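Each chain, letter by letter, is given below.
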Amino acid sequence: MKIAVLTKAIPSYESSIRIDSSEKWIDESIVNFVVNESDSYALEEALQIKEQLNDDSEVVVVIMGSESNTSKVLKDGLAKGADRGIFIKNDTSETDPLSIAKIFSEQLKEESFDLILSGLQSDDLGSGQTGVLIGELLNMSTATLGIETKMEDGKIKVKRELESGWFQWVTLPFPASVSIQSGINEPRYPSLKGIMGAKRKEVKLVDAQSVSDSKQEFIKLFLPKTEKVTEKIEGTVDDIVSRMIDILKNNLKVI
Amino acid sequence: MKFHIIEQIVVTIFLLSGISFFLYHLLLRLNIVLKGKLDFSINHLPERLLRVFNEVILHKKVVSGDRKFSGLMHAFVMYGFIFFGLITINHFFTAFGFEFFTESLRHNYFLFFGLPWAILCSLGILGLAYRRFVTKPKALGKFSSTSALVSFFIFTLMLTYLIDEFHLLNNAIALKTNWWVHSSVIGGFLFLIPQSKHMHLVLSPFNIFLRPFEVPDHPAIPIDLEASEEKLDELLLDLSKLSKNQALDIFTCVECGRCTEVCPANRGGGILDPKYHFILDLKDPMLESNDVNVVDKINVEAGWECTTCQACTEVCPVGNHVEKADEIRSFQVMVEGDVPQEYQKLLHNLQETGNTEGASSSVLLEKLPEYTPDKELVLWLGCFAKHAMDPNFVKSVENFTKILDSAGITYGVLSNEQCSGDPANKLGDKLTYKMLMDNNVEELNKVKKVTTMCPHCVVNLQKEYSKYHEIKYEVKHHTQVISELLDEGKININPGSLEKVTYHDPCNLSRTLDEVDAPRNAIKAAAPEFFELDESGKETLCCGAGGALWWKKDTGKGRTHLLRAEQVIESKTDTVVTGCNFCYGMMNQGIDPLTPKGQDKIKVKDVADIVAENLS
């Protein structure tokens, strides 16, 4: 079975964020890029499926972005046990989920993967659409929010997380694209042998083909304002009380 | 007594087969030991000989702690063995008509050595047997048939000897029978010793002599990512092997269970049982495979529970370096890629940000003066202080700077200080450790004197780094700096209030850095009502944070992290002082919820706090 794992390099939570001069994206030069959390669970799930099947199955890590942002994440995936990588080079920061899905499916078309696993959503943009869009573009069966997978008679059963504690089991024929929820397994740590071996694994470099009809565009990006306002309320008790009620009602809207 | 030629032949065959059997098993084990990695060291010869004198002849570790009685009994038995050496040789010589004792010499030897030691040895073995089979302390483990046999053997030896010397038998046949019983028991020992824990009576003096000086003593694991595949395979294979010292430890173990008795993980309700997990579980695999590549036989879960506090090594009476958390963790991380999730987060933080907390800046670092070459000291903060892992500890750092200011010492912090790597090192991720260490050594080799309030940092900056690099700087723990300033009269203290003050020895400071005096010197100057905790100095009890367990996920199970705080509360002290930021944090975390209602909360202080508060 050929399994693709779509991974994304995202700014780490600890990075301090600054908006760049275009005001449409962040200044990437001061940001530390790490693997998107749910993607690392998707990779672990893929590796476990491969180990279970114990045949000539292949796990391929697919990543898009600039080389400097993604190389560490790609290497880490290979070190953990993916067999090879596909690096879709794209130095512009694409944010439209459909455009991203189109770029991926263009490159993945020829590979004809049996299974595509992706993280549920990226921790930076959080659209949660890429996996399912790629599945549709490539004519695959799709499921989102997978919290458990089972291989059965040439099909994959996926337990999906619904709202308020409800679950749903769906059975998908291959090829299938499934997005994976964080926390469904215990991701492994790259062993020394894995780290050394990663250097010799094949990474296919392809250029992202530009998509002209982006439906979504960032107009302006800004950091949320953090400010403290202190107001000293003076006057008679009645004045103070009525001013406080006014603040609680109209400014803070808590009563 | 006259012996027939047939009797002489039987004695000869019996003795030769016993000796051959004994030597065969001894050499079999030595052959395995010599397959271990690294070599034995015999440097510091006088210290090693002194150690053998103290720990073998004087029995210092055998009689330590709660084992004063059993230790004394053991001494009686051991000295009995030694004094009976000549008697035993003479005993077998009589079968061939030789007597190297003249009648008067034999009589005098009997009166002054034989008789008293036969009595003491009998008392000793009866005392030990009573303890093992009647009081049955938990540490000794399951019923041991060889111990029963040994007790019986030794008692029989003494009895037959006394019967002979007191001429209690006048019948030739009875006399001869007595002689044969005595001989059979001695021969029996030759068969019994090598296959049991009683091998310690041969191996322990050598094991104590050869014991490494560093505690802990884990070899460097130098990783070169550019090296060839063969070199990597060699390194990975090495990770599954014990060192010669460790292999000898396994065969020397006397199974007394002291290591398990002192183990904080075990006492806190964990599964870790160092006697089995770090020592005895490896013995059979070594004998079966005739090799030392048995690291993967260590219980993984037990290995992750270890606080690496080294209490087990400190207490061992036969010179074992017990702790093998480093070995099994290194194996799990680097060979298996199997790391608990909470530690993966920690290791990622270290890789991405160079600190344990994944922080991008530090308020404290920015507040303190930066080091410049005209300043005397580098003040190394460490992640704990730098990222306010216990916000109260920031005040302790300020108190230390107050002391330095008062003594007129100039100091500064390094803005590019990274984590010393201690958690990565202790978790077995030597690659992440190397990355942090290489960075730090480059910066530190530009300076001369470094001081820090974190003993974990001292151990790494000074001892661990020098296993990999040439170190050109000197590191002192802040309690050492303070103690020196006091001795030199550069700071003066007015003894403070008359409240009760005690000190919790951090494992890294007491056992690894061998420093128990400096902090006491400083505390006693400030606190007249100082008293010691039950387990203090090098016998201290770990706070529970060592071995990177500070970052262990709280599963609600186990009390390892509360044991010491509980002891401190029971001591009825007003203040507990410590010399390690992690211990400080653990004390605060433990004392808060454990203090009974209505009782005043014990104050937790660093040595710097109690000194700074009482500066005159």
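Residues numbered from 1 in each chain as written. Chains lettered and ligands numbered in written order. Predicted model: local features only at pLDDT ≥ 70, side-chain atom pairs only at ≥ 80, totals over all residues.

1. Structural notes on the environment of Asn108(B)
If you trace the backbone, Asn108(B) turns up in helix 4 (residues 103-135). For the pair formed by Asn108(B) and Ser196(B), sequence separation is 88 residues and the distance between their alpha carbons is 35 Å. (Helix = DSSP H or I, 4+ residues; strand = E, 2+ residues; numbered from the N terminus.)

2. Description of the nonpolar core
Judged by nonpolar contacts, the single largest core of 180 residues is most densely connected at Val5(A), Val62(A), Met587(B) and Val611(B). Setting aside residues up to four positions removed in sequence, Met587(B) forms contacts with His504(B), Cys543(B), Ala565(B), Val568(B), Val576(B), Thr578(B) and Val604(B). Among the nonpolar cores identified, the runner-up in size contains 15 residues, and Phe76(B), Phe84(B), Cys121(B) and Ile125(B) belong to it. (Core = buried A, V, L, I, M, F, W, Y, C linked by C-beta atoms within 7 Å. Buried ≥ 20, exposed ≤ 12 C-beta atoms within 10 Å, placed from the backbone. Contact = placed C-beta atoms within 7 Å.)

3. Thoughts on the domain arrangement of chain B
Residue and element names in this part refer to chain B. By the assigned domains, chain B splits into domain 1 (5-33 + 65-195), domain 2 (229-338), domain 3 (342-487) and domain 4 (501-613). The C-alpha centroid of domain 4 is placed 28 Å from the C-alpha centroid of domain 2. Counting residues at the interface gives 14 residues for domain 2, matched by 15 residues for domain 4. Among the secondary structure elements, those contributing two or more residues to the side of domain 2 that touches domain 4 are helix 11 (264-267) and helix 15 (311-315). The biggest single contributor to the side of domain 2 that touches domain 4 is helix 11, with 3 residues. (Domains from an automatic or database assignment.)

4. Considerations on the interface of chain A and chain B
Facing the 15 residues of chain A at the interface are 19 residues of chain B. No other element matches the 4 residues that helix 5 (residues 192-198) of chain A contributes to the side of chain A that touches chain B.

5. Structural notes on the pairing of strand 3 (residues 449-452) of chain B
Residue and element names in this part refer to chain B. The pairing of strand 1 (residues 377-380) with strand 3 spans 3 bridges and is classified as parallel. Looking across to strand 3, one finds that Leu379 is bridged to Thr451. The parallel pair strand 3 and strand 4 (residues 474-477), bridged by helix 23 (residues 455-464), forms a crossover whose chirality is right-handed. (Pairing = 2+ DSSP bridges. Right-handed = clockwise from strand over helix to strand, strands pointing away.)

6. Quick notes on the sheet that holds strand 2 (residues 411-412) of chain B
All names here are of chain B. If you trace the 4 strands from one edge of the open sheet to the other, you get 2-1-3-4, paired in parallel fashion. The strands lining the two open edges of the sheet, one partner per strand, are strand 2 and strand 4. Strand direction decides the pairing type here: strand 3 and strand 4, joined by 4 bridges, are parallel. In the sheet register, Thr451 faces strand 4, and the bridge partner there is Lys476.

7. Let's talk about the packing of helix 1 (residues 5-33) of chain B against helix 6 (residues 172-192) of chain B
All names here are of chain B. At their nearest, the axes of helix 1 and helix 6 sit 7 Å apart, and the two run at 25 degrees to each other. With respect to helix 6, the axis of helix 1 lies roughly parallel. With respect to the hand of their crossing, helix 1 and helix 6 are arranged in left-handed fashion. Counted together, Val11, Phe14, Leu15, Gly18, Ile19, Phe21 and Phe22 of helix 1 and Ser183, Gly187, Leu190 and Phe191 of helix 6 form the full contact between these two elements. Partitioned by chemical class, the residues of the contact of helix 1 with helix 6 number 8 nonpolar, 3 polar and no charged. (Axes fitted to C-alpha atoms, helices over the stretch in contact; angles between N-to-C directions. Parallel < 35°, antiparallel > 145°, perpendicular 65-115°, else oblique. Left-handed = near helix turned anticlockwise from the far one by under 90°. Nonpolar A, V, L, I, M, F, W, Y, C, P; charged D, E, K, R; others polar.)

8. Considering the sheet that holds strand 9 (residues 167-173) of chain A
Residue and element names in this part refer to chain A. Taken in spatial order, the 9 strands make up an open sheet running 9-8-7-10-6-1-4-5-11, and their pairing is mixed. Single-partner strands in this sheet number two, and they are strand 9 and strand 11 (203-207). Strand after strand, the sheet turns through a mean of 35 degrees between neighbouring axes, direction not considered. By the bridge criterion, 6 bridges tie strand 7 (residues 141-152) to strand 8 (residues 155-161) in an arrangement that is antiparallel.

9. Concerning helix 16 (residues 325-336) of chain B
Of all 12 residues that make up helix 16 of chain B, 10 are buried, and the element is covered over most of its length. Every buried residue belonging to helix 16 of chain B is among Ala325(B), Asp326(B), Glu327(B), Ile328(B), Arg329(B), Ser330(B), Phe331(B), Gln332(B), Val333(B) and Met334(B), and all of these are buried. Lining the buried residues of helix 16 of chain B we find helix 5 of chain A together with helix 14 (300-305), helix 21 (422-427) and helix 22 (430-444) of chain B. In the stretch just after helix 16 of chain B, Gly337(B) is the one whose phi turns positive, near 65 degrees.

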